[in-house]
Protein chains: 2
Amino acid sequence: MSEAVALVCGGGAFPIVAARAVQARGEHAFLLGLRGIASAEIEQFPHVWLGIGQLGRAFDEIFSRDIKRVCFIGGLKRPEFTDLRLDWGGIKRIPDIVKFLKGGDDHALKGVIKLFESEGLEVVGVDSFAPELLAAQGDMAGTFPADLADDLAFARKFLSDLSAYDCGQAVVVAHGRVIAVEAVEGTDAMLARVAHLREIGRFRAKGGLLVKAPKRGQDPRVDLPAIGPDTLRNAETAALRGVAVAAGGVLMLDRAGLAAQAARAGLFLHGFAETP
Amino acid sequence: MSEAVALVCGGGAFPIVAARAVQARGEHAFLLGLRGIASAEIEQFPHVWLGIGQLGRAFDEIFSRDIKRVCFIGGLKRPEFTDLRLDWGGIKRIPDIVKFLKGGDDHALKGVIKLFESEGLEVVGVDSFAPELLAAQGDMAGTFPADLADDLAFARKFLSDLSAYDCGQAVVVAHGRVIAVEAVEGTDAMLARVAHLREIGRFRAKGGLLVKAPKRGQDPRVDLPAIGPDTLRNAETAALRGVAVAAGGVLMLDRAGLAAQAARAGLFLHGFAETP
């Protein structure tokens, strides 16, 4: 049983695909579904359901199975402290929890990792068992247009500088100009805004691209940014030319499916190499 | 006639108030209304109407009146090159115009100033004849809460760093976290977004403040950010605690009226000293 991974499951289909990937490697996947957040589909695997504040129970379930590795996977809205409904194992850790709930999301997630590591667990990223869930390098659909090289470099530098503030992981740039910046609203809402700016004539320049990357210094074991079918659909509605993501740094549930969708929509889909 | 100011008038009420301020100083105001953009109210002053591409005509009108000083005042959406409908005086300057329409708003506006200065005109800011149209320093309504000092400093540093990218001039921050960043959509749309994030439960922390400041290194003679009744109304709807603006760096059409509105809404309205 030491070749087992505990998957702490947020929302969406990533936990399911990740669990299948663990099994495909001949290892055992044990899923801890966050109640009200994770999909009922996790029940096809060995699992328990937990409230987000049931830290003590989470550790008990993991330790009783002699599991050493934990992976956080799936979407999770940032909880308010009052929503946590801590169990006794959580209450004991309140000082730590309060500390990591202050500040941006990244700070909070680093705190969660520390909390698990301080219990002797190894926190692993999805790349350690399912690298196919991350963006590939190079052209995944279409060809990255050479005339957008400057805009891509500009957007990457912008996101990198923004990282210090632990806010958005995506930006829309057109012709050297920042059109929209993502913060709490998320990428889909930002792209919907860009489409609206087009409708009302506030953004009329042709083209533009969405650039998405993890924050500089972000721990790849938690909360990597993701793109999915909605991202591409919204990018198309916003009349962008394409989407560029950090290779190995952005989650893609179904890389081949997304590439095909991008190609159908006439969007390029490009994975740029992350500079060290 | 040398004690005259030519006001190139964008939208809204600022050009009218500025023209009155010029007259109150015993000087002569000549208004160049941008057709389809400036308010018909400019017609109560000596004026002409011009298309935004009629640069040659603008210079002719200014020179024929022996006016030496020009002030740009009022809102102006960034035009696309194809909207300019340049006259001959504009066509002659196409190389310059193309240069300054690339890149962000600030770059474009610096280009416009250079274009006017290269004709021997002095481009002045509204502060030179109507400092009462700019935010005052200190508490204009309520008292700036001491517990928001860190958030204000954080927001100011954020806006300062963002300046390098020539995008938004406003940010909403709460408890050390960036909630929304303004880019092309403008402050009102950004605040509406924050209100929406509250509605859907994505932004549930109490408080938060709007911080607005000119870009670092922005030429105060063009396109200073502004706040008005809508800003305060939207800040109230977004359940923010108040609004902090750069003293002397943010336009306020009716400072006393805005202060009274903020006080009624229970919002603080604070002007912070710009660091040199």
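Remember, predicted model here, so these are calculated numbers, not experimental data.

Undergrad: Outline the overall build of chain A, listing residues and values.
TA: Helix and strand counts for chain A come out as nine helices and 13 strands. Relative to a compact globule of 276 residues, whose C-alpha radius of gyration would be 19 Å, chain A shows 19 Å and is just as compact. With the C-alpha coordinates of chain A rotated into their principal frame, the extents come out at 60 × 40 × 35 Å. When each of the 276 residues of chain A is scored for burial, the buried share is 57%. Expressed as a percentage of contacts within chain A between residues at least 6 apart in sequence, the contacts between residues at least 24 apart total 71%. For chain A, the computed accessible surface area is about 11700 Å², with 53% contributed by carbon and sulfur atoms. When the 32 basic and 34 acidic side-chain charges of chain A are each reduced to a single mean position, those positions are 4 Å apart.

Undergrad: Quick rundown of the pattern of salt bridges? Include the residues and the values.
TA: Here the structure, examined in full by the defined rule, presents 26 salt bridges over all chains. For the salt bridge of A:Glu117 with A:Arg221, the shortest nitrogen-to-oxygen distance reads 2.8 Å. Of this pair, A:Glu117 sits in helix H5 (residues 105-117) while A:Arg221 is found in the loop between strand E9 (209-212) and strand E10 (226-227), placing the two residues 104 residues apart along the sequence. One salt bridge in this structure joins B:Lys68 and B:Asp66, with 2.9 Å as the shortest N-O distance. Salt bridges linked by common partners bring A:Glu3, A:Arg25, A:Glu27 and A:Arg69 together as one network.

Undergrad: So what about the UniProt feature "domain: LpxI C-terminal" (unreviewed entry) in chain A? Which residues, and what values?
TA: Mapped onto the present numbering, the UniProt feature "domain: LpxI C-terminal" (unreviewed entry) falls at residues 147-269 of chain A. Across residues 147-269 of chain A, helical content stands at 38% and strand content at 20%; the span's end C-alpha atoms are separated by 15 Å.

Undergrad: I'd love a proper account of empty space enclosed by the protein, names of residues and values included.
TA: The tally for this structure, following the rule as stated, stands at one cavity of 30 Å³ or more. Residue lining of the largest cavity: A:Phe158, A:Asp161, A:Leu162, A:Tyr165, B:Phe158, B:Asp161, B:Leu162 and B:Tyr165, and that is the complete set. At the level of secondary structure, the elements contributing two or more residues to the lining of the largest cavity comprise helix H6 (149-162) of chain A together with helix H6 (149-162) of chain B.

Undergrad: I'd like a rundown of helix H1 (residues 14-24) of chain B, residues and numbers included.
TA: Residues and elements named next belong to chain B. Taken as a whole, H1 has its buried residues at Phe-14, Pro-15, Ile-16, Ala-18, Ala-19, Ala-21 and Val-22. Buried residues along H1 sit against strand E1 (4-9), strand E2 (28-34), strand E4 (69-73), strand E10 (226-227) and strand E12 (251-252). Of the residues trailing H1, Gly-26 is marked for its positive phi of about 80 degrees.

Undergrad: Quick one: what's the story with the sheet that holds E4(B), residue by residue and with numbers?
TA: Residues and elements named next belong to chain B. Strand order in the open sheet formed by five strands is E3-E2-E1-E4-E5, and the pairing between neighbours is parallel. Unpaired on one side and paired on the other, strand E3 (47-50) and strand E5 (122-123) mark the two borders of the sheet. In terms of strand pairing, E4 meets E5 through two bridges, oriented parallel. Pairing of Arg-69 across the sheet is with Glu-122, part of E5.

Undergrad: Mind laying out the nonpolar core, listing which residues take part and the relevant values?
TA: A:Phe158, A:Val211, A:Leu269, B:Phe158, B:Val211 and B:Leu269 are the most contacted members of the largest nonpolar core, which totals 104 residues. B:Leu269 has contacts with B:Gly138, B:Asp139, B:Met140, B:Ala141, B:Ile227, B:Val243, B:Met252, B:Leu258, B:Ala259 and B:Ala262, leaving out every residue within four places of it along the chain.

Undergrad: Residues and numbers for the side chain of B:Gln261, please.
TA: Examined against the element boundaries, B:Gln261 turns out to sit in helix H9 (residues 255-265). Setting aside chain neighbours within four positions, we find B:Gln261 in contact with B:Pro229, B:Leu232 and B:Arg233.

Undergrad: I'd like a description of the domain arrangement of chain A, backed by residues and values.
TA: All names here are of chain A. According to the domain assignment, chain A contains domain 1 (4-128) and domain 2 (134-272). Measuring from the centre of the C-alpha atoms in domain 1 to the corresponding centre in domain 2 gives 28 Å. Regarding the contact of domain 1 and domain 2, the summed buried area is about 1300 Å², with carbon and sulfur atoms giving 68% of it. Listed by contribution, the elements that provide at least two residues to the side of domain 1 that touches domain 2 are helix H1 (14-24) and H5. In terms of residue class, the side of domain 1 that touches domain 2 is built from nine nonpolar, three polar and five charged.

Undergrad: Requested: an account of the environment of B:Pro95, with residues and values cited.
TA: In this structure, B:Pro95 sits in helix H4 (residues 94-101). Sequence separation of B:Pro95 and B:Lys68 is 27 residues, and the distance between their C-alpha atoms is 25 Å.

Undergrad: Lay out the sheet that holds strand E7 (residues 170-174) of chain B with the relevant residues and their values.
TA: Note: strands within a sheet are paired through backbone hydrogen bonds, in either parallel or antiparallel orientation. Residue and element names in this part refer to chain B. Spatially, E6-E13-E11-E9-E7-E8 is the arrangement adopted by the six strands of the open sheet, whose pairing is mixed. In this open sheet, the two edge strands, each paired with only one partner strand, are strand E6 (138-141) and strand E8 (177-181). Ignoring strand direction, the axes of neighbouring strands in this sheet form an average angle of 25 degrees. With four bridges joining them, strand E9 (residues 209-212) and strand E11 (residues 242-246) adopt parallel strand pairing. Following the sheet pairing, Val-211 is matched in E11 by Ala-244. Packed on one face of the sheet, helix H7 (residues 187-199) meets E7, E8 and E9 and runs near 125 degrees to E8.

What counts as what
Residues numbered from 1 in each chain as written. Chains lettered and ligands numbered in written order. Predicted model: local features only at pLDDT ≥ 70, side-chain atom pairs only at ≥ 80, totals over all residues. Heavy atoms only, no water. Helix = DSSP H or I, 4+ residues; strand = E, 2+ residues; numbered from the N terminus. Rg over C-alpha atoms; globule rule 2.2 N^0.38 Å. Buried < 20%, exposed > 50% of the residue type's maximum accessible area, 1.4 Å probe, protein only. Contact = heavy atoms within 4.5 Å. Areas by Shrake-Rupley, 256 points an atom, 1.4 Å probe, with all protein chains shown as cover. Lys, Arg positive; Asp, Glu negative; His and termini not counted. Charge placed at Lys NZ, Arg CZ, Asp CG, Glu CD. Salt bridge = Lys/Arg side-chain N within 4 Å of Asp/Glu carboxyl O. UniProt positions renumbered as here; feature names shortened; annotations may be inferred. 1 Å grid on protein atoms, 1.4 Å probe; cavity = no way out; pocket = protein on both sides within 12 Å on 5 of 7 lines; lining within 4 Å. Points joined across faces, edges and corners; volume = space filled by probe spheres on them. Pairing = 2+ DSSP bridges. Core = buried A, V, L, I, M, F, W, Y, C linked by side-chain atoms within 4.5 Å. Domains from an automatic or database assignment. Buried area = accessible area lost by both parts, 1.4 Å probe. Nonpolar A, V, L, I, M, F, W, Y, C, P; charged D, E, K, R; others polar. Axes fitted to C-alpha atoms, helices over the stretch in contact; angles between N-to-C directions.

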